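Commentary on secondary and tertiary structure
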Amino acid sequence: MDLSVLYNLSYGLYVLGAFKDGRAVGCVINTCFQVTSENPSVVISLNKKNYTLEAIQENKRFSLSILAEDSDPMVIGRFGFTSSRDTDKYEPFGYEVIGFTPCVKGKFAGRLILDAVKTLDCGTHILVVASVVDTVPGSGTPMTYSYYHNVIKGKAPKTAPTYRADEAETVKESKHHFECDICHYIAETDAEELPADYVCPVCGADVSHFKKLD
Ligand SMILES: Cc1cc2nc3c(=O)[nH]c(=O)nc-3n(C[C@H](O)[C@H](O)[C@H](O)COP(=O)(O)O)c2cc1C
């Protein structure tokens, strides 16, 4: 079976926000699609290891902020590569409470306020069916998963349902490449080393987190 055909499925990118034990938690997801239009509802897929799933199991209400192409990419680094188990992900950005759920501050293409109504166990992941209880308009072009990969040069961690182990091998051969050990962003440069003040454009890690690939 040629699994690369799955790479042709398309997705958006979202920041999920929820409260757990009174704390604002959340994570990046790319798996969200609308399943009904009357009484609108969506389905999302959450890895069982993710703290955010525990939050939704405790408190059914959550938000999805729809990332735009010009949203701050640091939001993806922090919400997609650290865990709310041990990190206050909202600390650099702040949040506002909309419909009793936290929404990270910043520019987004819109937000959905949702209530989880059903789940389906899919092994490593749980599918959550959620009803849309409110919407907040935003602005900008919604960021697709392919834009994140091809333009921002971002990667996805193993917990993402669409994780690809081969991504690090797809870099070009003509330049030097350095990989961020937090978010796996690959910096390309003609120079032998990255500048000392280089900062990862996706997760904000300093140059000490970059390992040379070639
Ligand atoms: C581009 C991208 C897409 C992701 N998609 C998903 C997803 O659809 N479902 C999921 O469970 N995790 C996904 N993740 C991984 C979670 O965001 C990540 O495991 C996060 O650290 C979980 O944080 P938590 O433990 O605070 O919930 C994705 C991460 C990135 C960067």
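Definitions and cut-offs
- Residues numbered from 1 in each chain as written.
- Predicted model: local features only at pLDDT ≥ 70, side-chain atom pairs only at ≥ 80, totals over all residues.
- Heavy atoms only, no water.
- Near = heavy atom within 4 Å.
- Areas by Shrake-Rupley, 256 points an atom, 1.4 Å probe, with all protein chains shown as cover.
- Helix = DSSP H or I, 4+ residues; strand = E, 2+ residues; numbered from the N terminus.
- Nonpolar A, V, L, I, M, F, W, Y, C, P; charged D, E, K, R; others polar.
- Pairing = 2+ DSSP bridges.
- Axes fitted to C-alpha atoms, helices over the stretch in contact; angles between N-to-C directions.
- Buried < 20%, exposed > 50% of the residue type's maximum accessible area, 1.4 Å probe, protein only.
- Contact = heavy atoms within 4.5 Å.
- Polar contact = N/O pair within 3.5 Å; in protein donor to acceptor, adjacent residues only side chain to side chain.

**Re the site of the ligand**
What surrounds the ligand is a group of 27 residues, the closest being Thr31, Thr52, Ser83, Ser84 and Thr159. Against a free-state accessible area of 650 Å², the protein chains account for coverage of 97% of the ligand. Of all the elements in the fold, those that place two or more residues in the shell around the ligand are β2 (23-29), β4 (41-47), α1 (51-58), α2 (73-81) and α3 (145-150). In terms of residues, the shell around the ligand owes the most to one element, β2, which gives four residues. Across the shell around the ligand, the residue classes tally to 13 nonpolar, twelve polar and two charged.

**Section: the sheet that holds strand β12 (residues 210-212)**
Pairing within the open sheet is antiparallel, and its three strands lie in the order β11-β10-β12. For this open sheet the edge positions go to β11 (186-189) and β12, each flanked by a neighbour on one side alone. Strand after strand, the sheet turns through a mean of 30° between neighbouring axes, direction not considered. Where strand β10 (residues 176-180) meets β12, three bridges bridge the pair, whose relative direction is antiparallel. Bridging from a neighbouring strand, Glu179 pairs with Lys211 of β12.

**Observations regarding α2**
Within the span of α2, buried status applies to Val75, Ile76, Gly77, Phe79 and Phe81. Considering only its buried residues, α2 is in contact with β1 (14-20), β2, β5 (61-67), β7 (101-104) and α3. In this structure Asp72 caps α2, since a side-chain oxygen of it lies 2.9 Å from the backbone nitrogen of Met74.

By themselves these figures say nothing about function.
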